[in-house]
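Here is what each chain is made of, one letter per residue.
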Amino acid sequence: MAKGTKYTSKMPDAAGVIHYSAEENAVWQTLITRQMACVQGRACQEYIDGLALLDLPTDRIPQLGEINAVLGRTTGWQVAQVPALIPFDEFFRLLANKAFPVATFIRTEEELDYLQEPDIFHEIFGHCPLLTNPDFAHFTHLYGQLGLKASKEDRVFLARLYWFTVEFGLVNTEKGLRIYGGGVLSSPGETRYALESDKPQRKPFSALDALRTPYRIDIMQPVYYVLENVHQLFDIAQLDIMALVSEARQLGLFEPRFAPKEKKAS
């Protein structure tokens, strides 16, 4: 997670309603309108089905209670309002309790195409549709339970597993390669790049390999891991993931397929 942010989450009023400005609702409308068109034929069917269940408004930012009503009756999950950035302990605690953290701010018009910290559009549009899917929901729940108990060192490895599945995962389908990772599905540029560019490597998913693969959050991904199907997430959750983390630590990381991040001049 980023160490600092210029954004501040909005707090709900006594009735649980978060009030957004006309400008903020307009940003949501721009983001969802263009991304709804972009994910067609690129997102996996399970995501598209979840999107239909959520029936997100296009003219305003949805209230968390609207999302909770759908998640509650499908997989028993909820979304939880959080500050822009939260400690890893809190992140894992929420997931372990089937609560997906949502920072209740939205990016500005100046940052429509890329935002380092996850905003409400990324969390709701990118992740919540698949939280209606039992396999994805089960995997995310188990991930939270593991992370809650893990050491600080092991959490660094677990973060890579999350990155290459929940955030940037691809999946094979009968109709071809599709996206299920929310970090891709909330980004118009990466949605096209992940499937249509010849630059990145696309590898069959291996939990051990994912745990050993470095990544950067501020670039288009040079490597994607591809599931056989979304149900494979349930199978991954049955593995002894912490034993794989120990193995990954012993083996060490793969060579990065990206340049080191340049340090800003002080």
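Every value quoted in this text rests on a predicted model; they were computed, and no experiment measured them.

Colleague: Any chance you could break down the nonpolar core for me, citing the residues and the numbers?
Modeller: Formed by 87 residues in total, the largest nonpolar core has its most connected members in Y47, L56 and I124. Sort the elements by how many residues they give to this core and helix α7 (residues 152–167) lands first, with 7 residues. Those residues within four positions of Y47 in sequence are excluded, and the remaining contacts are V39, F125, G126, P129, L130 and L185.

Colleague: Which residues make up the packing of aromatic side chains, and what values go with them?
Modeller: Within the structure shown, the criterion is met by 15 aromatic pairs. Ring geometry for W163 against F168: centres 4.5 Å apart, planes inclined by 35°, an arrangement best described as tilted. The same class applies to W163 as to F168, namely buried. Aromatic rings pair up to connect W163, F164, F168, F205, Y215 and Y225 into one cluster.

Colleague: A description of the pattern of salt bridges should follow, citing residues and the corresponding values.
Modeller: Considering all chains together, one arrives at 11 salt bridges under this definition. Across the pair E90 and R93 runs a salt bridge whose closest N-O atoms are separated by 2.8 Å. Of this pair, E90 and R93 both sit in helix α4 (residues 88–96), 3 residues apart, which is roughly one turn of that helix. You can call E90 partly exposed: its relative accessible area is 27%. The salt bridge partner of K261 is D218, with a shortest N-O separation of 3.8 Å. Remark: D218 occurs in the loop between α10 (207–211) and β6 (223–227) and K261 occurs in the segment after α12 (241–251); sequence separation between them is 43 residues. Accessibility expressed as a relative area gives 24% for D218, which makes it partly exposed. Taken together, the salt bridges that share partners define one network made up of R216, D218 and K261.

Colleague: Break down the sheet that holds β6 for me, citing the residues and quoting the values.
Modeller: Across a sheet, strands are paired by hydrogen bonds formed along the backbone, either parallel or antiparallel in direction. Read across the open sheet, the 4 strands follow the order β4-β3-β6-β5; overall the sheet is mixed. Because the sheet does not close on itself, it has two edges, and the strands there are β4 (176–179) and β5 (201–204). In this sheet, adjacent strand axes meet at a mean angle of 35° when their direction is disregarded. One ladder, built from 2 bridges, connects strand β3 (residues 170–173) with β6; its direction is parallel. Paired with V171 across the strands is L227, a residue of β6.

Colleague: Tell me about the layout of surface pockets, and please be specific about residues and values.
Modeller: In this structure, the second largest pocket occupies an estimated 230 Å³ of space. Lining the second largest pocket are Q40, G41, A43, C44, Q45, I48, T173, E174, K175 and R178. Here the residues of the lining of the second largest pocket sort into 3 nonpolar, 4 polar and 3 charged.

Colleague: Tell me about α12, and please be specific about residues and values.
Modeller: Three or more residues of α12 are buried, namely I241, L244, V245 and A248. Buried residues of α12, seen end-on, are gathered within an arc of 105° and therefore sit on one face of the element. G252 sits one or two positions beyond α12 and adopts a positive phi of about 90°.

Procedures and definitions
- Residues numbered from 1 in each chain as written.
- Predicted model: local features only at pLDDT ≥ 70, side-chain atom pairs only at ≥ 80, totals over all residues.
- Heavy atoms only, no water.
- Core = buried A, V, L, I, M, F, W, Y, C linked by side-chain atoms within 4.5 Å.
- Buried < 20%, exposed > 50% of the residue type's maximum accessible area, 1.4 Å probe, protein only.
- Helix = DSSP H or I, 4+ residues; strand = E, 2+ residues; numbered from the N terminus.
- Contact = heavy atoms within 4.5 Å.
- Phe/Tyr/Trp six-rings, centres within 6.5 Å; stacked < 30°, edge-to-face > 60°.
- Salt bridge = Lys/Arg side-chain N within 4 Å of Asp/Glu carboxyl O.
- Pairing = 2+ DSSP bridges.
- Axes fitted to C-alpha atoms, helices over the stretch in contact; angles between N-to-C directions.
- 1 Å grid on protein atoms, 1.4 Å probe; cavity = no way out; pocket = protein on both sides within 12 Å on 5 of 7 lines; lining within 4 Å.
- Points joined across faces, edges and corners; volume = space filled by probe spheres on them.
- Nonpolar A, V, L, I, M, F, W, Y, C, P; charged D, E, K, R; others polar.
- Arc of directions from axis to C-beta.

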